[in-house]
Amino acid sequence: MGVNLSNNTIHTNEEDHTDYDIRQCVEYMPYTAEVGIRGCQDSIIYDLGNIDLESTGHIIQLRMTLKNVYPGRRIALAVLLYEIDDVGNETKCGLKTINIPAHHQPLATDIELRSIRFVLPNDDYHDNAHSVSRCGKRNFIARTIAHYIDHDFEWDKNIEDAN
């Protein structure tokens, strides 16, 4: 299905003939407060009062260790998160891409990454036949892709010119 965005409306392809107002996908915020901060202030404390719990969901925090990383090389890392329903179907939940700076230890070393977080709100507006109740068990799978960005490979143009 082709999707484009214009004037706060998601338009699907002509065959579907369905438009969705983006504001239906964003949760209505019944509590609003205007909070101001002066230009030279670093922080402010403001009491929002009593708020009813409306938005429930989960935060998944992942940790991993990249083993034997060579010194002087940056790493490109992708973490993909999928939710698995009760019949084994996967639904995409999130993607994080991270540029890990090079370390300068004398030898290859392990690099521990902490706090790779995914926010998983409960999707009340999402029509999913296999959705679970708010307190039901949810299953996820995380997949990773990692590779060096930097390398010492030099393209031999003489080989290419010989062909």
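Chemist: Tell me about the environment of Pro106, and name the residues and values.
Modeler: Relative to the elements of secondary structure, Pro106 occurs in the loop between strand 6 (90-100) and strand 7 (109-121). Given a relative accessible area of 74%, Pro106 falls into the exposed group. Sequence-wise, Pro106 and Pro71 are 35 residues apart; in three dimensions their C-alpha atoms are separated by 6.7 Å.

Chemist: Pulling in residues and values, what's your account of the packing of aromatic side chains?
Modeler: Each aromatic ring pair is characterised by the separation of its centres together with the angle its planes make. Taken as a whole and judged by the stated rule, the model has two aromatic pairs. Their ring planes at 10 degrees and their centres at 5.7 Å tell us that Tyr70 and Tyr148 sit as a pair that is stacked. Within this pair, whereas Tyr70 is found in the loop between strand 4 (57-69) and strand 5 (75-84), its partner Tyr148 is found in strand 8 (residues 139-148), the two being separated by 78 residues in sequence. Tyr70 gets classed as partly exposed once you look at its relative accessible area, which sits at 43%.

Chemist: Please set out unusual backbone geometry residue by residue, giving values where relevant.
Modeler: The backbone phi angle of Asn68 is positive, close to 55 degrees, even though this residue is not glycine. Positionally, Asn68 belongs in strand 4. Within the chain, Ser115 stands out as a residue other than glycine whose phi angle is a positive 60 degrees. With respect to the helices and strands, Ser115 occurs in strand 7. Ser115 sits in the partly exposed class, given a relative accessible area of 33%.

Chemist: So what's going on with the sheet that holds strand 5? Residues and values would help.
Modeler: Taking strand neighbours across the sheet as the criterion, the three strands line up as 6-5-8 in an open arrangement whose pairing is antiparallel. With partners counted over all chains shown, the strands left at the sheet margins are strand 6 and strand 8, one partner each. Taken over all neighbouring pairs, the strand axes of this sheet differ in orientation by 15 degrees on average, direction set aside. Bridge analysis of strand 5 against strand 8 gives ten bridges, and the strand direction is antiparallel. Within strand 8, the residue paired with Glu83 across the bridge is Phe140.

About the thresholds
- Residues numbered from 1 in each chain as written.
- Predicted model: local features only at pLDDT ≥ 70, side-chain atom pairs only at ≥ 80, totals over all residues.
- Heavy atoms only, no water.
- Helix = DSSP H or I, 4+ residues; strand = E, 2+ residues; numbered from the N terminus.
- Buried < 20%, exposed > 50% of the residue type's maximum accessible area, 1.4 Å probe, protein only.
- Phe/Tyr/Trp six-rings, centres within 6.5 Å; stacked < 30°, edge-to-face > 60°.
- Pairing = 2+ DSSP bridges.
- Axes fitted to C-alpha atoms, helices over the stretch in contact; angles between N-to-C directions.

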